[in-house]
Every structure is written in C-alpha cells, then in structure tokens.
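Survey of secondary and tertiary structure
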Amino acid sequence: MDFLRPDSLAEALALKAQRPDAVPIAGGTDVMVELNFDHRRPAALLDLTRVEDLRTWDVDGDSVRVGAGVPYTRIIEELGDRLPGLAMASRTVGSPQIRNRGTVGGNLGAASPAGDAHPVLLVADAVVEVASTRGTRRIAATDFYLGVKHNALEPDELITSVRLPAARAPQQFAKVGTRNAMVIAVCSFAVALHPEQRRVGAAVGSAAPTPLRASAAEEFLSGELTATGQWESPRPLLDSVKRRFGELVAEAASPIDDVRGSAAYRKHALSVLARRTLGWAWQDYPGKVA
Ligand SMILES: Cc1cc2nc3c(=O)[nH]c(=O)nc-3n(C[C@H](O)[C@H](O)[C@H](O)COP(=O)(O)OP(=O)(O)OC[C@H]3O[C@@H](n4cnc5c(N)ncnc54)[C@H](O)[C@@H]3O)c2cc1C
C-alpha cells in the first residue's frame, strides 16, 4: 500500500488527481477501523494531517469556515460560542481520544447516516466546500448526503472545509445511545432557531439511509411561531405544539430495525428528542437572540 504524505493542499489535490483511488485519511478513526478489520485494502492512503489549510478555522463575515481537519476537541474548545450546535454534537462523539483525532471532514467523508455532525450541519445551513485541481465547489449540506455511506464527492475531490453561519439564536443537539459515551447513535436530532428568517431547522440522524431535514416539522413550527407573533414576543410553548412537532419529526424518519434498536423505538425516541430539544432551545431563546 502506498502512503502519500502531502505538505500542502495544492500537493494533496495534485496527488488525488493522479491517484483517485487513494483513500484520504485525516484522524483515521473510521479509516483505521476499516483497515484493521480488513473491510478495505486501498492501493494508497493519502495522509492529510500535514496539510495546514485543513487544520484551521476562521471567521468570514457572518460565517465560520471550519477546516475539514479540525478535530472535535478544538471545535468544542474554540467554537462553542459561534457554533453551539456543532460543539454540542462534537461533545457526544466517541471518547476524548476519538474527539482529539476525529474530524468533521472525516464524518462527512464517511457519510454514515449515524454521524453526529450531520443533523447539526443540516439545521445550521452548512455548506461543504470541496476542491480538486479542476477548482472548488460549494455543496449545501442538504445536497451532500446521497445514500448510506455515499456522498457527493467526485473521486478526485477532497473536502476542504465546512462553512456555517455563526449562530444568532439557540441550537440544540441530542442523541440516544445504548449508553452515555462511545456509542453510535440509535437516533439523533438537531434543532436551530433562525428568527431573522422566521424559520426553524430540524433534522434527524441515524433514522433513514441519509441524515435528513424534517421539512414538515420545520414548516409547522415556523408557521406556528410566526402566526402567533412569538418570534417577537416569545411565550412558553403549548404542549400541543411541542407534541405535534415531535410527531412530524418522527414521521419524517424511515428507520430500520437493527441491533441498536427497532424502527418503532427510533420513531418514538425521535419524537421525544424533538420535543425536549425544542423545549431547551425555546427556553434559551428570549435571552440569546443576537
Ligand atoms: C471508538 C469509536 C467511537 C466513535 N464514536 C463516534 C460517535 O460517537 N459519533 C460519530 O459521529 N462518529 C463516531 N466514530 C466515527 C469517527 O470517529 C467519526 O466519523 C469521525 O468524524 C471520523 O473523522 P476522522 O478524521 O477520524 O476520519 P477518517 O477515518 O480519517 O476518514 C473517514 C472517511 O472520510 C474520508 N475523509 C477524511 N477526510 C477527508 C477529506 N478532507 N476529504 C475527503 N474525504 C475525507 C476518508 O477517506 C474516510 O472515507 C467513532 C469511531 C470510533 C473508532
């Protein structure tokens, strides 16, 4: 197996153009598991850890560009105020060791429906930036996930960053696992309030072939908050509204029965997660709008 170690993004893209069969490796927390279990034996690995451009984040106007190789630990420590939803999801990933190595770029590269970053990227209107020697493309997170472990990347492309608007109102993420840490989500859910657009984002993970937005739930809640004037004058949410939101989130999912949980359990758990996280976000709303 060839081991390719570029020192710059330009070199990495040139190598990927020459060797589209080379498997990128960032933190290696997915790739090394696959190699160890002999699930894949690539002809070449493209080590991205020396590419400094991938390991930085910066603020660009109202949005934050997070390099694909920024590990979860740094997102938690350095971006919790600007990207609270992504930081919350990052806190639930694996263990400290996995969070030190694992990256959002790797989560996107793996495109597992259970990846914890995905629901937050969907509700926060994230855009995935990808590059090749042919140029760069920006792909809305909603268009990035194409199927189980299948994303919109071309063979010669690398993920360079993910761009998210800095949060101006509360965001929440929660997942259900078989225990508190080191678990793949049985199901997960993220919610984001976008008061400037009178809009709510809601997305589910680990409950369909891809992570997905719960559009009917988003429209129901956005409409309800707008019709009752609650973006300007928030009041405690009616239980009936939270319950309906939860039902619509569950309806958006198409989970399977597997070792981690039944489809029926996942749907039920999603409706509970949706009600709860909405309650937390709404509780924080009046004081936290920028
Ligand atoms: C013990 C354990 C616990 C875990 N717990 C969780 C969890 O709780 N939640 C969760 O979501 N995940 C979990 N994971 C999975 C893994 O940690 C995450 O998916 C992580 O985000 C992968 O990041 P990485 O940098 O290590 O990716 P890598 O393993 O380096 O790469 C993953 C995939 O992405 C591709 N890739 C990486 N970077 C790029 C790039 N820049 N451009 C194009 N393709 C790229 C690789 O080729 C590969 O296909 C766990 C893994 C382990 C081993």
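Here's a quick rundown of the structure. (Residues numbered from 1 in each chain as written. Predicted model: local features only at pLDDT ≥ 70, side-chain atom pairs only at ≥ 80, totals over all residues. Heavy atoms only, no water.)

**Section: the overall build of the protein chain**
Along its length, the protein chain carries 11 helices and 14 strands. Relative to the compact-globule value of 19 Å for 290 residues, the protein chain shows a C-alpha radius of gyration of 19 Å, a close match. Taking all 290 residues of the protein chain together, 52% fall into the buried category. Entry remark: accessible area of the protein chain is about 13000 Å², with carbon and sulfur atoms responsible for 51%. (Helix = DSSP H or I, 4+ residues; strand = E, 2+ residues; numbered from the N terminus. Rg over C-alpha atoms; globule rule 2.2 N^0.38 Å. Buried < 20%, exposed > 50% of the residue type's maximum accessible area, 1.4 Å probe, protein only. Areas by Shrake-Rupley, 256 points an atom, 1.4 Å probe, with all protein chains shown as cover.)

**Concerning the site of the ligand**
As a structural note, the neighbourhood of the ligand is formed by 33 residues, with Pro24, Thr29, Asp30, Tyr72 and Thr103 the closest of them. For the ligand, an oxygen atom lies 2.5 Å from a polar atom in the backbone of proline 24. Separating an oxygen atom of the ligand from a backbone N or O atom of glycine 28 is a distance of 2.8 Å. Put simply, the parts of the chain that give the shell around the ligand at least two residues each are β2 (23-25), α2 (31-36), α5 (96-101), α6 (104-110) and β10 (158-165). Here the residues of the shell around the ligand are counted per class, giving 17 nonpolar, 11 polar and five charged. (Near = heavy atom within 4 Å. Polar contact = N/O pair within 3.5 Å; in protein donor to acceptor, adjacent residues only side chain to side chain. Nonpolar A, V, L, I, M, F, W, Y, C, P; charged D, E, K, R; others polar.)

**Looking at the nonpolar core**
In globular proteins that are soluble, nonpolar side chains generally tend to be buried together. Core analysis: the biggest nonpolar cluster contains 35 residues, and Val66, Leu86, Val104, Leu108, Leu121, Phe144 and Leu164 have the highest contact counts within it. In terms of residue count, helix α7 (residues 117-123) provides more of this core than any other element does, five residues in total. The next biggest cluster of nonpolar side chains, apart from the first, holds 33 residues, and it includes Val204, Ala253, Leu270 and Trp282. (Core = buried A, V, L, I, M, F, W, Y, C linked by side-chain atoms within 4.5 Å.)

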